[in-house]
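Here is how the chains run, residue by residue.
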Amino acid sequence: MRDEITYADFLSYFPYAPTALVIKECVRLGAMKEHGCPPPILDVGCGDGLFARLAFEDAEVWGIDIDGNEARRAQASRSYSQVVLADVTTAHLPKGFFGACVANCSLEHVPDLPAAARNILAALRPGGVFYAFVPDRAWAGQMLSSRLLRGLKLGPLAGILDEAVNTVFKHHHLEDAEGWRAIFEDVGFVVDRVEPVGSTASTMAFEAFLLPSLLGWVNKKVTGRWTLTPGLRKAASLPVYAMVKSVLELNPLQAPTAEYLLIAHRPAEQG
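All of the points below concern the structure found in this document. Each residue is numbered by its place in its chain's sequence as written, counting from 1. Two thresholds apply to this predicted model, a pLDDT of at least 70 for residue-level local features and 80 or more for giving and counting side-chain atom pairs, whereas whole-chain, interface and lining totals are computed over all residues. Side-chain metrics rest on all non-hydrogen atoms present in the structure, leaving aside hydrogens and water.

**Considerations on a nonpolar patch on the surface**
In step 1: Patches in this entry comprise residues that are over 30% relatively accessible and not in a salt bridge; like charges within 9 Å are linked, as are nonpolar side chains (Val, Leu, Ile, Met, Phe, Trp, Tyr) within 5 Å. For the area figures, the Shrake-Rupley method with a 1.4 Å probe applies, and any residue is considered shielded solely by the protein chains shown. What makes a salt bridge here is a side-chain nitrogen of Lys or Arg within 4 Å of a carboxyl oxygen of Asp or Glu, nothing more. Side chains of Leu152, Leu154, Leu157 and Ile160 sit close together on the surface and give an oily, nonpolar patch of about 390 Å² of accessible area.
In step 2: Residue position: Ile160 is located in helix α7 (residues 155-168). For the purposes of this entry, the term helix denotes a DSSP run of H or I that reaches at least four residues, the term strand denotes a run of E that reaches at least two, and both are numbered from the N terminus.

Listed below in structure tokens is the structure:
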């Protein structure tokens, strides 16, 4: 198994985001680098643009986000040639224009997911590829706290904890691999495969660094930025990366269980 989190990716992310988020984003970034994205690329739920800048480098990328603050930060990041402030379910995107679309753990937060998927499908050119990082139905159950509760025969309490976690993260949709496949096939996508991404080890490392990362979440609410001292965080990146790697290596549960990367395309015969 390749390293889920490389130091190069961690160094790129850590100055600008809290550790827990960096763990998740580096796992997805590593997975995304293994696949081609023909431009122009549509980044759904683009946020501040950091993922696009690291994943797509010099490609033409459009970002779309429903949050005005995030859209302004995306514009300021200069990661995108165009930033669309709109709901992806109703946005007026150019038809048959994009060679690829990436949704980095954004579509599970959209209440009307079929409408969003149809709009994305129409915006892709025939043969255009679609990548969506989406959570497994039981991803919260892979956290150490939930596993410990189930080990103590406290399954109902673990279920309450899992539901609370999903509420905090505003997950409207949670599916297994076949459930995600069905959603996108039903609107006309050809789903090529649904690959597991993110091991139990990285999910539990995310949980281990979640509490100290809460300061970043508070900072984002107050200032609009995850971190205010990127230079200092860059200097601290190596020791923090060593701690993250230690947590990953302590956990023997390397089975990919947390998320999926759904890979699909628009059928070439669609006009």
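Next comes the rest of the description.
**Description of the pairing of strand β4 (residues 98-104)**
In step 1: Burial runs high along β4: seven of the seven residues are buried.
In step 2: Pairing between strand β1 (residues 41-44) and β4: four bridges, direction parallel. When the sheet's bridge partners are listed, Val44 is paired in β4 with Ala103.
In step 3: When DSSP locates at least two bridges between a pair of strands, those strands are taken to pair. Bridge count for β4 against strand β5 (residues 124-135) is six bridges, and the pairing is parallel. Across the sheet, Asn104 pairs through a bridge with Phe133, a residue of β5.
In step 4: By convention a crossover is right-handed if, when the strands point away from the viewer, the path from the first strand over the helix to the second runs clockwise. Tracing the backbone out of β4, into helix α5 (residues 113-123) and back to the parallel element β5 gives a crossover that is right-handed. Residue exposure (1.4 Å probe, protein chains only): buried if accessible area is under 20% of the type maximum, exposed if over 50%, otherwise partly exposed.

**Regarding α7**
In step 1: Here the expected span of a helix is defined as 1.5 Å times the quantity of residues minus one. Between its first and last C-alpha, α7 extends 20 Å over 14 residues, near the 20 Å set by a 1.5 Å rise per residue.
In step 2: If you check which residues of α7 are buried, you get Ala158, Asp162, Val165 and Asn166. Along α7, the residues classed as buried sweep out an arc of 95° about the axis, all on the same side. Turned more than 90 degrees away from the buried face of α7 sit Pro156, Ile160, Glu163, Thr167 and Val168, all of them exposed.
In step 3: In this analysis, two residues are considered to be in contact whenever any of their non-hydrogen atoms come within 4.5 Å of each other. Against α6 (144-151) lie the buried residues of α7. The arc under discussion is defined with respect to the helix axis, by the directions toward the C-beta atoms.

**Looking at the environment of His171**
In step 1: The residue His171 is located in the loop between α7 and α8 (177-186) in this model.
In step 2: Remark: the alpha-carbon pair of His171 and Val83, spanning 88 residues in sequence, is separated by 24 Å.
In step 3: If we skip the residues at most four places from it in the chain, His171 touches Glu108, His109, Pro135, Trp139 and Asn166.

**Re the side chain of Arg266**
In step 1: Along the chain, Arg266 turns up in the segment after β7 (256-265).
In step 2: Counted as a polar contact is a pair of N or O atoms within 3.5 Å, where, for protein atoms, one must be capable of donating a hydrogen and the other of accepting one, and residues adjacent in sequence contribute only when both atoms are in side chains. In terms of polar contacts, Arg266 uses its side chain to reach the backbone carbonyl oxygen of Leu124, at 2.5 Å.

**Section: the packing of α6 against helix α9 (residues 200-208)**
In step 1: Every angle, taken between N-to-C directions, lies between 0 and 180 degrees, and every axis is a line fitted to C-alpha atoms, over only the stretch in contact when it is a helix. Put simply, α6 and α9 touch, their axes get as near as 9 Å, and they point 105° apart. By the criterion of interaxial angle, the relationship of α6 to α9 is roughly perpendicular. Judged by residue contacts, Leu144, Ser145 and Arg147 of α6 engage Thr200, Met204 and Glu207 from α9. Should an angle fall under 35 degrees it is called roughly parallel, over 145 degrees roughly antiparallel, and 65 to 115 degrees roughly perpendicular, with every other angle called oblique.

**A few points about the pairing of strand β2 (residues 61-65)**
Two faces, one strand: in a regular strand the side chains alternate between the faces of the sheet.
In step 1: Of all five residues in β2, five are buried; the element is thus mostly enclosed.
In step 2: The side-chain alternation of β2 yields two buried faces, one formed by Val61, Gly63 and Asp65 and the other by Trp62 and Ile64.
In step 3: One ladder, built from four bridges, connects β1 with β2; its direction is parallel. Residue pairing for β2: Ile41 is matched across the bridge by Val61.
In step 4: A crossover connection joins β1 to the parallel β2 through helix α3 (residues 50-56); in handedness this β-α-β unit is right-handed.
In step 5: Assessed by its sense of winding, the connection that carries the chain from β2 through helix α4 (residues 68-77) to strand β3 (residues 82-85) is right-handed.

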